[in-house]
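Residues per chain, in single letters:
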Amino acid sequence: MTGSTSTTTAGKAPTTNDAWVRTWGTAPHPPIEEFGPLPSFADTTLRQVVRISGGGNRVRLRLTNEYGTEPLTIGAARIALAAPDGGIRPGSDWELTFAGQTGVTVPVGAPMLSDPIVLPLPALSELSISLYLPEAVKSATCHAMGVQTAWSIPGNAVDALTLPAQATSLPLQALISAIDVLPDGPAATIAVIGDSNTDCSGTTPDANRRWTDRLAERLAGRNGRTVCVSNQGISGNRMLNEGLGEAVLARFDRDVLATPGLGHVVIAIGLGDIGVSYAPHDGSGPADDFLAMFPGAPVTTDDLIAGYQQLITRARARGVRVYGATLTPYEGDEIFTPEGDRVRQAVNEWIRTSGAFDAVLDFDAVWRDPAHPTRIQDGFHAGDHLHGSDAGCRALGDSIDLTLFQ
């Protein structure tokens, strides 16, 4: 399967895309200056590992230069079954092409789909994606704080079976945003949009411990049609105003409604809007520098409800079912205030009782401490009283009724 003839050996998939579904996704955003500069990637191979949700018999990769300031040149690209420590399984890698060419230039502001290849993949397969970048990358479109490691390797090393000693680890994903598959039968994708508690920034890196990962595992273990999960969370994201990444209202069409095979939408956003709006801003708290990154006027309960209604209306126009997740407790975190928590509880009451959503995922009920319901119970947070631990995120994934996705 390796070598320059691998694409011919695999064969090309039909050009129709009527049955494609998104089996893995991550939400792109611009580089975040406050987190430090990214490498230039000139004459560099960027290797990344992702775990798909549902399986299929053909696969394609979505590149992204949506926040790039110059065209993005890809000199070579390969996809393989991942091995531990950034390696690839011998004999499992395939050359990716773009309109039949081994390289491609992605225009400024654009994504780019690879040609499909025949590659049967079972559910929950771990894939290694290697991109050779012959030229410097200006303003690399990325996904930071996604508890996933990438590796930067000098030169063209797209087919290296193991990482060389010169490889440098990077705590992010970059220049890729999705993997689509053609499944063997009927299939659909659940697109989940949210903030750090969807991105699951408090979980163990490279271990697939997000609650969306757990949901994918449960869906893969049942009989019936293939149901995939695409995680479109961004840590620090908000619904109404720009935060880390564009606001959900701004990115919803691209990151959710344009999802191939979209069947269900989960909206799990709003806590960041509340936390930033009502956090102490007296200049003395450790969160002040972080909060300064978030522009926009404070939001009210009515503002958030109006935002949810906009998202629901847009999703229903796409003909999909929409589920709302309640906002989890956060007392004990430095951005907590009683005023903000009153807004959170009022929003949760509306999510539960308004009937606006097709169903409710009551994450607040899963995490809250019965003896102190404005706090996350011990063991379910990552030590900061805000983000979920491995156990907390597993509990969320286990709490979801799978019959919602039949």
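Structural data are supplied above this passage.
Residues numbered from 1 in each chain as written. Predicted model: local features only at pLDDT ≥ 70, side-chain atom pairs only at ≥ 80, totals over all residues. Heavy atoms only, no water.

Sorry if this is basic, but what is going on with the pattern of salt bridges here?
If the charged atoms of two oppositely charged side chains come close together, the side chains can form a pair. All told, the structure shown has 21 salt bridges when counted by the stated rule. Across the pair Asp-364 and Arg-344 runs a salt bridge, and its minimum N-O distance is 3.1 Å. You can see Asp-364 sitting in helix H9 (residues 363–367) and its partner Arg-344 sitting in helix H8 (residues 338–353), a full 20 residues away along the chain. Given the relative accessible area of 1%, Arg-344 is considered buried. Between Asp-398 and Arg-394 there is a salt bridge, and its shortest N-O distance comes to 3.7 Å. (Salt bridge = Lys/Arg side-chain N within 4 Å of Asp/Glu carboxyl O. Helix = DSSP H or I, 4+ residues; strand = E, 2+ residues; numbered from the N terminus. Buried < 20%, exposed > 50% of the residue type's maximum accessible area, 1.4 Å probe, protein only.)

Any chance you could explain the side chain of Ser-235 here in plain terms?
Summarising the element assignment, Ser-235 is placed in the loop between strand S17 (226–233) and helix H4 (248–257). Given the relative accessible area of 2%, Ser-235 is considered buried. A polar side-chain atom of Ser-235 sits 3.0 Å from a polar atom in the side chain of Asp-199. Non-local contacts of Ser-235, meaning those with residues more than four positions away in its chain, are made with Met-145, Asp-195, Ser-196, Asp-199, Ser-201 and Leu-244. (Polar contact = N/O pair within 3.5 Å; in protein donor to acceptor, adjacent residues only side chain to side chain. Contact = heavy atoms within 4.5 Å.)

In this structure, what is going on with the sheet that holds strand S5 (residues 76–81)? I would like to understand it.
Two orientations exist for strands paired in a sheet by backbone hydrogen bonds: parallel and antiparallel. Spatially, the six strands line up as an open sheet ordered S6-S5-S10-S2-S12-S13, and their pairing is antiparallel. At either end of the open sheet lies a strand with only one pairing partner, and these are strand S6 (94–95) and strand S13 (168–170). Here S5 pairs with S6 via two bridges, running antiparallel. Bridge pairing in S6 places Arg-78 opposite Glu-95. (Pairing = 2+ DSSP bridges.)

What am I meant to see in the environment of Pro-39 here?
Position of Pro-39 among the secondary structure elements: in the loop between strand S1 (21–25) and strand S2 (44–51). Residues Pro-39 and Ser-139, spaced 100 residues apart in sequence, show a C-alpha to C-alpha distance of 9.9 Å.

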